[in-house]
Amino acid sequence: MINVENKSFNLTTDPWIKVIEAGSNQEKKVSLIELFENAQDYRQLAGDMRSQDLAILRLLLAILTTVYLRVDATDHPYSWLDNPVEDDDEFDDGDDNSERDLLTTWQDLQQAGHFSSAVTQYLKDHTDDFNFFGDRPFYQVTATDYDALVPKNKQIAAGKGQVLVKQLNRRVSESANTPSIFAPKTGEAKSKLALDELVRWVITYQNYAGVTDKTKIETDEKFSNPAGWVYRLNPVFAKGNSLFKTLMLNLVLVNDWQDDVVYAAPKPVWEFKSVQAYIAHRKAQILPDNLPELYTAWSRILHIEWGTSGVRIFSAGVPMYGSENALIEPMTTWRFDKKTTEYRPAVKGLRSLGIAMWRNFGQYVNVRRADDVHEPGIVVWLRRLKHEKLIAADAPLILDNVALISDGNATSQSPAAEVADDMQLQTDVLFDQEDRWPVRIEEAITVTQTVGTDYYHFASDIGQIRNLDVRTFAGGMSAKFYDRLNEPFKEWLAGLSSDDDRDTKISQWKQQLERIVIATVDDVMQASSPRDIAGIAGKKGPLNIFTAKNHLMYNVRTHLDLKKGVTKTDGKSN
């Protein structure tokens with residue numbers, strides 16, 4: 001149940017975004033204008049879940065990108081834009097200073113330490129577009145538009161096509177047919193939201209909608225209801241030590257990762273002439289050529305009917321462009337499909353839930369310059385900032401990964417888990433000009449995962465001795481082993497610098513890895529049973545916990561190859 005007395009709420013001036021204040025470390029709710037005017041004073045977004053924070057971060061970036069692709073840090077229009085006004089942006093092809101001007105804008109904002117007044121002015125000029133009620137409610141459609149876009153038997157009067165509040169809330173995600181047993185709310189509380197919560201969840205739902213709802217807008221060609229765009233990604237973004245720095249690091253003003261890209265006018269969803277115009281554009285299923293449009297893409301038209309006893313939310317699917325080769329998207333890792341020769345987002349599934357970010361290092365950095373690896377656009381952008389000396393060589397860079405994982409059911413794609421991870425490296429290490437560190441890091445990860453395989457075989461032997469389901473048992477032990485590895489490896493990564501002797505650092509990690517293996521095996525030995533000690537007859541002789549351990553330690557020492565020591569060549573060995 002949502003109580004609304006005066007039906008007045010504007011995202012530009014009313015508080016709805018949760019942040020953490022840097023000074024007090026306390027949570028606070030702020031409006032869009034307050035956030036942009038004081039972003040440097042906030043540590044981070046602090047919404048109801050990390051996926052919600054990402055959805056709101058992309059909305060904030062859509063606003064900033066729209067503004068700073070039109071005006072510089074002093075709020076002056078670029079000379080190469082003939083008409084720097086929405087819907088009329090025209091690029092002067094004869095002026096080749098656009099890229100340099102955009103980088104200068106980024107640099108000036110970074111040095112100022114805050115956003116310019118142009119952002120506030122833009123929001124004031126678009127106050128009506130950010131009204132949650134009114135003639136064109138934010139991220140919604142009116143009853144007239146909804147009825148005009150859906151089949152007659154799905155119109156509001158028929159009462160069909162509703163999505164419940166507790167389904168809109170991605171922490172609950174409960175449909176009318178399937179109760180969410182382990183939700184953080186119970187009973188009627190699942191359907192209760194404050195208005196600011198509803199605003200956040202509407203934005204989140206547009207990004208992370210499943211496919212349980214069957215109502216669709218009318219189109220000439222059939223289409224399946226799509227999942228939200230961000231739901232179909234393996235999101236990655238940069239994190240700074242303040243909200244301002246996080247926004248700046250992800251404020252991509254120059255596209256370096258696609259060939260033959262020219263300036264494209266920013267066009268967030270609210271700048272389309274009307275809902276009808278936006279939906280007509282979406283029916284063509286044309287991939288956006290600008291980030292603000294991509295960041296604000298709808299997966300549904302939503303209409304909210306406000307009543308005295310609560311709300312009814314009507315939802316209808318909108319055709320979505322494909323994610324294949326959608327390389328304009330900067331916030332995802334990619335996987336190359338050899339059959340179709342296309343890049344697809346490397347979406348996480350329940351099976352890859354426990355695989356830490358560092359284990360897929362090669363998806364984030366194209367270590368070998370291979371043709372079948374496409375770096376995330378955000379990584380390419382950060383490399384450009386480093387190349388332009390706009391971020392310090394010794395500055396720490398944190399890559400964040402936040403993914404909402406679906407249940408894998410093609411007919412629902414309901415959220416099953418949320419995964420958040422990060423990876424910190426020094427800028428000069430991640431973007432080593434001679435690629436020595438990235439190559440050595442990838443080699444260290446390969447060795448580490450080889451040792452992980454050795455441990456899996458050890459766990460399989462223990463499972464066989466105990467007459468258990470070997471795959472399930474070994475998988476569980478392997479997951480616990482990697483849980484034990486994750487933090488030490490991340491700390492090792494974060495501690496690397498461009499001045500390090502690479503062989504020495506690699507050797508230090510191998511030694512630590514060996515100690516972790518020994519400690520983990522000792523824990524297993526301490527919990528051994530008489531059956532583990534007695535063992536069974538194996539294919540190559542007696543198999544017990546001692547022979548399994550000896551086999552493991554032999555393989556580990558062979559793969560770590562620590563006896564060779566360190567070979568130094570130039571003080572910064574390859």
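I will try to describe carefully the structure that is included in this document. (Residues numbered from 1 in each chain as written. Predicted model: local features only at pLDDT ≥ 70, side-chain atom pairs only at ≥ 80, totals over all residues. Heavy atoms only, no water.)

Before going further, it helps to spend a moment on the overall build of the chain. Along its length, the chain carries 18 helices and twelve strands. Taking 25 Å as the expected radius of gyration for a compact globule of 574 residues, we find that the chain reaches 26 Å, a close match to that expectation. Structurally, the chain occupies a C-alpha span of about 80 × 55 × 50 Å along its principal axes. At a minimum sequence separation of 6, the contacts of the chain that also span at least 24 residues come to 70%. (Helix = DSSP H or I, 4+ residues; strand = E, 2+ residues; numbered from the N terminus. Rg over C-alpha atoms; globule rule 2.2 N^0.38 Å. Contact = heavy atoms within 4.5 Å.)

So, about helix α14 (residues 436–465). The first and last C-alpha atoms of α14 sit 44 Å apart over 30 residues, in line with the 44 Å expected at 1.5 Å per residue. Across the 30 residues that make up α14, a large majority, 21, are buried. At the exit of α14 stands N467, carrying a positive phi of roughly 60 degrees. (Expected span 1.5 Å × (residues − 1). Buried < 20%, exposed > 50% of the residue type's maximum accessible area, 1.4 Å probe, protein only.)

In the structure shown here, the tally under the stated rule is 29 salt bridges. Between D48 and R200 there is a salt bridge; the shortest N-O distance is 3.0 Å. Residue D48 is found in the loop between β3 (42–45) and α2 (50–68), and its partner R200 is found in helix α7 (residues 195–208); the two are separated by 152 residues along the sequence. Comparing D48 with R200 shows no difference in burial state: the two are buried. Overlapping salt bridges, with partners in common, bring together K18, E27, K29, D48, D196 and R200 in one network. (Salt bridge = Lys/Arg side-chain N within 4 Å of Asp/Glu carboxyl O.)

This paragraph deals with the environment of Y364. Residue position: Y364 is located in helix α11 (residues 361–364). When its relative accessible area of 2% is taken as the criterion, Y364 is described as buried. Each C-alpha atom, one on Y364 and one on G377, is 9.6 Å from the other, the two residues being 13 residues apart in sequence. Look past the residues within four positions of Y364 in its chain and what remains in contact with it is N234, V236, T333, M357, E375, P376, V379, N401 and M423.

Attention shifts here to the packing of α14 against helix α18 (residues 545–560). In the contact formed by α14 and α18, the axes pass within 10 Å of each other and the chain directions differ by 170 degrees. It follows that α14 is roughly antiparallel to α18 by the angle criterion. Contact residues: α14 offers V447, T450, V451, D454, Y455, F458, D461, I462 and I465, while α18 offers I545, A548, K549, L552, N555, V556, H559 and L560. Of the residues in the contact of α14 with α18, the class split is eleven nonpolar, three polar and three charged. (Axes fitted to C-alpha atoms, helices over the stretch in contact; angles between N-to-C directions. Parallel < 35°, antiparallel > 145°, perpendicular 65-115°, else oblique. Nonpolar A, V, L, I, M, F, W, Y, C, P; charged D, E, K, R; others polar.)

On any regular strand, side chains alternate: one points to one face of the sheet, the next to the other face. In this sheet, strand β8 (residues 342–345) lies alongside strand β7 (residues 334–337) in antiparallel orientation, the contact comprising four bridges. Note on β8: the bridge partner recorded for D337 is E342. Hairpin connection between β7 and β8: a loop of four residues separates the two successive antiparallel strands, and T341 in this loop has a positive phi of roughly 55 degrees. (Pairing = 2+ DSSP bridges.)

Within this model, the largest pocket holds a volume of roughly 510 Å³. In terms of lining residues, the largest pocket is bounded by 23 residues, among which L253, N255, V261, V262 and Y263 are the most central. Residue assignment for the lining of the largest pocket shows that the elements contributing at least two residues are α3 (98–112) and α10 (291–295). Tallied by class, the residues present in the lining of the largest pocket amount to 16 nonpolar, five polar and two charged. (1 Å grid on protein atoms, 1.4 Å probe; cavity = no way out; pocket = protein on both sides within 12 Å on 5 of 7 lines; lining within 4 Å. Points joined across faces, edges and corners; volume = space filled by probe spheres on them.)

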